[in-house]
Amino acid sequence: MTSALETRIVSAPARIAALGMFAPKRILTNADFERMVDTSDEWIVQRTGIRRRHVVGEDEYSSDLAIAAVDDLLAHHPSVRLDTIDYIVVGSSTPDYEYPSLSAMLQAHYRLPGNVGAVDISTACAGFAYGLNLAAGLIGTGQAERVLVVAADALTRSVDYTDRSTCVLFGDGAGAALVEYSRHPAIFGMDAGADGNGGKFLYRTALRTRINGVDDTSRLLRQEGQSVYRWVMENVPNYVARILSRAGLALDDIDWFAPHSANLRMIEALCKRLPFPIERTLLSVEEYGNTSAVSIPLALIPAVRDGRVKPGQRILLMGFGGGLVTAGNVIVWT
Ligand code: ACO
């Protein structure tokens, strides 16, 4: 059954006004992994496109990455005043604590007033696109005029460094976007989806430790890579089509595609299937690995800063990951 929402154009009177990003200093190369597990630079590059990842130091957590990304936003946009924001939305699956939330920690760090909304969303690699969608909704309904959206993940804190099939994939970082009211809508086609049946392919246990018929008290990330890969190839093209239909656009109207940078080989196959030119696809996987919620801002922000993304251009953001969940939208760069 087609819901009414699928045929209605979805837009928000909101725009991205400022961006910031951060990746930790410590670097793990493929050569480092050759010394840690039975793997090779050739296997990693061929199967994933990853060459390096930036990983947190011993005393570095997602909140530190989030603060550094917001500081970077402020450094690049000196006119931004955080005391004018109404809401903080943080996408992260690796918060420092169950609570306080990362968003509340940011409110405290920047000494923001007590009437700032603060919410963390646990939508894995869809965290940045999901955060933008929620910000657009908060602004569209008049609950907020300015929302700070942050994606921050330190997935390497929950990686099993004895499992070669997952440990080579992940890196850490953070991205921040200030989303503000705009008379001219610049966020379109907001869409989200879930397939909880696929959750068993990618999980980390918590209070409940029994999953897939086994006890896993390690609290480390577990992934059935091939199943997730297949799921992405079978489902993400449909989610992209939904976003386009809700934006009233065709794929030809899109200037840049910014999918979750999980794996270069997978994104190349996805681009072929859509079809969309890989040359106009923004990626962060080679330098940063799979940084979960952060992979889209780590691809988007350098492209904005080096002038590849120009005002008026349309970028399709497509997040997908653990849950399994998806979120996407089309932003017009202003
Ligand atoms: N080095 C060398 N060999 C390896 C390594 C490694 N690091 N890892 C696995 N292998 C071996 C396996 O043991 C297997 O060997 P076998 O044939 O002797 O059994 C062989 O390589 C093939 O293993 P596969 O798991 O089939 O490898 P695949 O080509 O599927 O690549 C990968 C694995 C990269 C994980 C891929 O499946 C993938 O990227 N999947 C999607 C991941 C993703 O998109 N996740 C979503 C977001 S993440 C999030 O939400 C947190």
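Nothing here was measured: the structure is a model prediction, and the numbers come from that model. (Residues numbered from 1 in each chain as written. Predicted model: local features only at pLDDT ≥ 70, side-chain atom pairs only at ≥ 80, totals over all residues.)

So, about the overall build of the protein chain. For the protein chain, the helix and strand inventory stands at eleven helices and 16 strands. Relative to its length of 334 residues, the protein chain is compact, with a C-alpha radius of gyration of 19 Å against a globular reference of 20 Å. Overall, the protein chain is about 55 × 45 × 40 Å in size when its C-alpha atoms are taken along their principal axes. Long-range contacts, defined here as pairs at least 24 residues apart, represent 76% of the contacts in the protein chain between residues at least 6 apart. (Helix = DSSP H or I, 4+ residues; strand = E, 2+ residues; numbered from the N terminus. Rg over C-alpha atoms; globule rule 2.2 N^0.38 Å. Contact = placed C-beta atoms within 7 Å.)

This paragraph deals with the pairing of strand 9 (residues 187-194). With two bridges connecting them, strand 1 (residues 11-12) and strand 9 associate as antiparallel partners. Paired with S11 across the strands is F188, a residue of strand 9. Bridge count for strand 9 against strand 16 (residues 325-332) is six bridges, and the pairing is antiparallel. Within strand 16, the residue paired with D191 across the bridge is G328. (Pairing = 2+ DSSP bridges.)

All right, on to the site of the ligand then. Of all residues adjacent to the ligand, which total 23 residues, the nearest are T39, G225, A262, N263 and G321. Every element with two or more residues in the shell around the ligand is listed here: helix 3 (41-48), helix 7 (164-167) and helix 8 (225-247). Per-element tally for the shell around the ligand: the top contributor is helix 8, with five residues. Shared between two domains, the shell around the ligand takes at least three residues from each, and those domains are domain 1 (11-181) and domain 2 (187-332). (Near = placed C-beta within 6 Å. Domains from an automatic or database assignment.)

Let us look at the domain arrangement of the protein chain. The domain architecture assigned to the protein chain consists of domain 1 (11-181) and domain 2 (187-332). A C-alpha centroid distance of 15 Å is found between domain 1 and domain 2. Listed by contribution, the elements that provide at least two residues to the side of domain 1 that touches domain 2 are strand 1, strand 2 (14-22), helix 3, strand 4 (52-54), helix 6 (127-140), strand 7 (146-154), helix 7 and strand 8 (172-181). Sort the elements by how many residues they give to the side of domain 1 that touches domain 2 and helix 6 lands first, with seven residues. Of the residues contributing to the side of domain 1 that touches domain 2, the split by class is 22 nonpolar, 16 polar and seven charged. (Nonpolar A, V, L, I, M, F, W, Y, C, P; charged D, E, K, R; others polar.)

Now for the sheet that holds strand 9. On the basis of which strands lie adjacent, the open sheet formed by five strands has the order 1-9-16-15-14 and mixed pairing. Looking at which strands have only one partner, the edges of the open sheet turn out to be strand 1 and strand 14 (256-259). Each of strand 9, strand 15 (314-321) and strand 16 is contacted by helix 8, which is oriented at about 145° to strand 9, the strand it contacts most. The sheet strands contacting helix 11 (residues 295-305) are strand 14 and strand 15, and the helix crosses strand 14 at an angle near 150°. (Axes fitted to C-alpha atoms, helices over the stretch in contact; angles between N-to-C directions.)

Residue Y99 is joined to P100 through a cis peptide bond whose omega torsion reads 10°. With respect to the secondary-structure elements, P100 resides in the loop between strand 5 (87-91) and helix 5 (102-109). In this model, L274 is joined to P275 through a cis peptide bond whose omega is -10°. Relative to the assigned elements, P275 resides in the loop between helix 9 (264-273) and helix 10 (285-288). Even without a glycine there, the phi angle at A124 is positive, about 45°. Structurally, A124 can be placed in the loop between strand 6 (117-121) and helix 6.

What follows deals with the sheet that holds strand 2. One open sheet accounts for five strands, arranged 2-8-7-5-6; its pairing is mixed. What marks the edges here is a single partner per strand, and that holds for strand 2 and strand 6. The average undirected angle you get between the axes of adjacent strands in this sheet is 15°. Bridge count for strand 7 against strand 8 is nine bridges, and the pairing is antiparallel. Within strand 8, the residue paired with D153 across the bridge is G173. Taken strand by strand, helix 5 contacts strand 5, strand 6 and strand 7, and its axis lies near 135° from that of strand 5.

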